[in-house]
Amino acid sequence: MALAAGHDSGRFSLAFEAIERAGAKGSPAHVALTKTAAALEFFRNGSGLALAEDFLALSLPGLEDAERSRAIADLLEWAVLIRQPRLGGYALFAGSDFDLEEAIARATSPVDAALLEGLPQRVGFGFATAKRHYFVTGTLRTFAISLYLVGADDTADELAAGVTARAARGSGHLALVLGDGSVEQSAVEAVCKAAAKGLKKSGLVVALGAAANGYALRDSAAELAAVERVLRDHPQLEGDRIARRELAARHSTCVDRLHRALETSLDEAKWWLAPEPFKPMRETLPIVASALADAGYPAAPVLKSELLQRDRPSSNSMAALRELCHAMVSRGDQANLGITGFPAELGLYLTVIKPFGLHREDADGRFDFCEPSPEGPGKTLWPAWRVLEESGDGGLGEVFKVWAAPPFGIKAGVMPALALAYMLAYRETVAVYADGVFQTGIDDVTVDRLLQRPADFKFRIIDRTVRETAFLGSLASQLGVEDASTSLPVAQALFQRFEALPVHAARTTRVSALAQTVRRTVLKSRDPEALLFDALPEALGDDLAAETVHNALLECEATYPALLAEMRQAIARALGVVPNTFAGLTERAAAIKGLTNDYAFEAFADRVASLEGHGDLEGALSVLLHRPAHGWSDRDREQALTEVARYGRRFRELEALAVVRDRRSHTETLALVVGLDPLTPPLLRSFELTDSEKQAAACLADHVLKVLQTDPDGRRLKLAALARAIAALAAESEVEAA
């Protein structure tokens, strides 16, 4: 490679091209002859040697003359060799007349800032790694390397502005400053020192270094730019393989030379760290990078997790993080979160949660989430932990931005686990909101949402006065909450019970106005503190009391059971059965099964028949309106009562007609005609009685007869009394129906 890129690069490329062509077309003999010719051509100048027949014969003593002659003829035919009658021998065919040195000399121009931009990345020196900082803190930080050129007219402010304007990549910036040849090294160092002091207030993690051998670096950069310009601006190279090969070798050499020059300049430069600009340092690049990381990220926690200490964890790492978070919310009272075996989530627990003391055993032997330990790695987490406590209304998204920036520099992969540990450690004193909605509990759904959209979450620390404490304690006693020291568990218990109400109980107006007010206030509230100490006092006024709120809750909770009891009574009354047992209904339903093509009625009959064996009442009610009873409105209730009456009447009518189909009827149809006044139309009444109703009617008739038989005479009076009693009963039934 050194020969291909040196001053003899043209002849070397020519020889290499000839050997390659001979190997592609001929045998090992052809290659051997070509190599001999190339060696003689390479060292011919000043040696007096010529590529003649005798030299070729001596180079291959084991080759027959006839075979050698045929091979030479082939090489002449393939234009690998050409005859030189003047010298009495041969020469390699020169397929290229491109003068690379002249082209590079014409393309060379002075180095400017535009040429230096992106140059370290092009030669494979784009970033420097803070190795010692990584070993100590567990966080891998890389710093982008960039080059800047200063002249006699450039100032420290201009250099600082240029560094600030450069797009940040990695964890910070290593700016190597070169003089343009018009300034002394001391002037370059003075500009770097002043610019570092100016950048201190900006908070940027930047180090500025004054290059000691700026000339060598500028010369190598200029040569590389010239070679690339030749490659780009000379179209004749498209058809010249030899020239292209020579140019590629030269480009590779320039890149290698520039890489070594840049490495030397970085190691020998004098550096000023913007976070601590008062003490320069002259060390190797990894030491400078670690010093910059320590100065720029002094509050970084010691967290050694290879899986999560990165901004973009792998899909497997994220799956393990999800499992860890689910274990945190479901098995926080167990050692190691109840994780058995050696899955990836256990490794995350042992490297992210346990070292900080976020999950540990208390004095009573119970495991729970706590604040970080005051010693060891937990001490390094406290600065980041206070950011969560002071987040205010900024939300978790703002917290993550602060964590990612100096002086913390926490990687995005570990942020959700730390935030969830904070929620669980302070779940009794910190209210959690997602999209402005208070979260009554932290569960798997909350975890998945946190991992997907952490910016939706906000925290609020709960505080209260003495009067509010009294109200809180009384309400906690009413709700059965043991810990009344904080408002969050009480508000959670109240909200959870109202949130668990069926849709009917949450919408019905068949409760008192006070209960409606409490229900509406609780369900619309999104803040536990504001609910207990702002919304409820404002809504109830002088009626505010823990007993009032609790009684309203009980009234709302009793609404749906009352609806079911009412519907049970209505169905029993419509079908003429005892509400508690529905005795005999199964046999009656079997007698009318299949007598109609009304499938809705058939479904109702089947469902109510199962009530005799403690069947599902809600299933029977769902047939009435084709939706579950717990989602009914008040209008749905009215319609359901109407449907019960209609189906009950249809049920009894079919029972009366069952005898037509040779089926045993369990009902008896009766009709009454009573006329008391000739000027008034007679009363007509018809109705059906079930078996149980017939027995009850027989008992009542026996009782009436006993009363009438007390007077053995007056048969006409007895009948008249019965007629008037029947008329009065009929009139009462009309009023009830109305």
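Residues numbered from 1 in each chain as written. Predicted model: local features only at pLDDT ≥ 70, side-chain atom pairs only at ≥ 80, totals over all residues. Heavy atoms only, no water.

Q: Pulling in residues and values, what's your account of the overall build of the chain?
A: Along its length, the chain carries 33 helices and 14 strands. Per-residue burial over the chain gives 45% buried out of 738 residues. Long-range contacts, defined here as pairs at least 24 residues apart, represent 65% of the contacts in the chain between residues at least 6 apart. Carbon and sulfur atoms form 54% of the exposed surface of the chain, whose accessible area is close to 37,700 Å². (Helix = DSSP H or I, 4+ residues; strand = E, 2+ residues; numbered from the N terminus. Buried < 20%, exposed > 50% of the residue type's maximum accessible area, 1.4 Å probe, protein only. Contact = heavy atoms within 4.5 Å. Areas by Shrake-Rupley, 256 points an atom, 1.4 Å probe, with all protein chains shown as cover.)

Q: Provide a residue-level description of the packing of helix α22 (residues 487-499) against helix α26 (residues 546-557), including the pertinent values.
A: At a minimum axis separation of 10 Å, α22 and α26 run at an interaxial angle of 25°. By the angle class used here, α22 and α26 are roughly parallel. When you trace α22 past α26, the crossing you get is left-handed. Here Leu494, Arg497 and Phe498 of α22 lie close against α26, whose contacting residues are Val549, His550, Leu553, Leu554, Cys556 and Glu557. Considered class by class, the residues forming the contact of α22 with α26 number six nonpolar, one polar and two charged. (Axes fitted to C-alpha atoms, helices over the stretch in contact; angles between N-to-C directions. Parallel < 35°, antiparallel > 145°, perpendicular 65-115°, else oblique. Left-handed = near helix turned anticlockwise from the far one by under 90°. Nonpolar A, V, L, I, M, F, W, Y, C, P; charged D, E, K, R; others polar.)

Q: Residues and numbers for the pairing of strand β10 (residues 430-434), please.
A: Among the five residues that make up β10, five are buried, leaving the element largely enclosed by the rest of the structure. Taking every second residue as pointing to the same face, both faces of β10 are buried, with Val430, Val432 and Ala434 on one and Ala431 and Tyr433 on the other. Where β10 and strand β11 (residues 437-438) come together, two bridges link them in antiparallel fashion. Across the sheet, tyrosine 433 pairs through a bridge with phenylalanine 438, a residue of β11. Counting the residues between successive antiparallel strands, the hairpin from β10 to β11 contains two residues, one of them, aspartate 435, with a positive phi of roughly 55°. (Pairing = 2+ DSSP bridges.)

Q: Account for the pattern of salt bridges, naming residues and giving values.
A: Scanning the model with the defined rule gives 25 salt bridges in all. The partner of aspartate 233 in a salt bridge is arginine 232, and the shortest N-O contact between them spans 3.6 Å. Linking glutamate 643 and arginine 646 is a salt bridge whose minimum nitrogen-to-oxygen distance equals 2.6 Å. With glutamate 643 and arginine 646 both in helix α31 (residues 634-657), this residue pair falls three residues apart, about one helical turn. (Salt bridge = Lys/Arg side-chain N within 4 Å of Asp/Glu carboxyl O.)

Q: Before we move on, can you summarise the packing of aromatic side chains with the specific residues and values?
A: All chains considered together, the criterion is met by eight aromatic pairs. Ring plane angle 45° and centroid distance 5.4 Å describe the contact between tyrosine 422 and phenylalanine 459, whose orientation is recorded as tilted. Remark: phenylalanine 459 occurs in strand β12 (residues 457-461) and tyrosine 422 occurs in helix α19 (residues 415-425); sequence separation between them is 37 residues. Site record: aromatic cluster; members linked through ring pairs are Trp385, Tyr422, Tyr426 and Phe459. (Phe/Tyr/Trp six-rings, centres within 6.5 Å; stacked < 30°, edge-to-face > 60°.)

Q: Which residues make up unusual backbone geometry, and what values go with them?
A: Omega for the bond connecting proline 406 with proline 407 falls within 30 degrees of zero, at 10°, which places this linkage in the cis form. Mapped onto the secondary structure, proline 407 falls in the loop between α18 (395-404) and α19. Its identity is not glycine, yet aspartate 435 carries a phi of approximately 55°, on the positive side. Locating aspartate 435 in the fold gives a position in the loop between β10 and β11. Backbone geometry places phenylalanine 582, a non-glycine residue, at a positive phi of 55°. As for its position among the elements, phenylalanine 582 is in the loop between α27 (559-575) and α28 (585-592).

Q: Account for the sheet that holds strand β5 (residues 172-179), naming residues and giving values.
A: Reading across the sheet, the five strands line up as β3-β4-β5-β6-β7 and stay open at both edges, with mixed pairing between neighbours. If you trace the sheet from one side to the other, it starts and ends with β3 (127-129) and β7 (270-273), each paired once. Across the sheet, the mean angle separating the axes of adjacent strands is 30° when strand polarity is ignored. Judged from the five bridges that link them, β5 and strand β6 (residues 206-210) form a sheet pairing that is parallel. What sits directly across from histidine 173, in β6, is valine 206. On the sheet, helix α12 (residues 214-233) packs against β4 (142-150) and β5 and is oriented at approximately 95° with respect to β5.

Q: Give me the packing of helix α3 (residues 28-42) against helix α5 (residues 65-77): which residues, what numbers.
A: Running from N to C, α3 and α5 cross one another at 70°; their axes reach a closest spacing of 10 Å. Our classification of the angle between α3 and α5 gives roughly perpendicular. Along the contact surface, α3 presents His30, Leu33 and Thr34, while α5 presents Arg68, Ala71, Ile72, Asp74 and Leu75. Of the residues in the contact of α3 with α5, the class split is four nonpolar, two polar and two charged.

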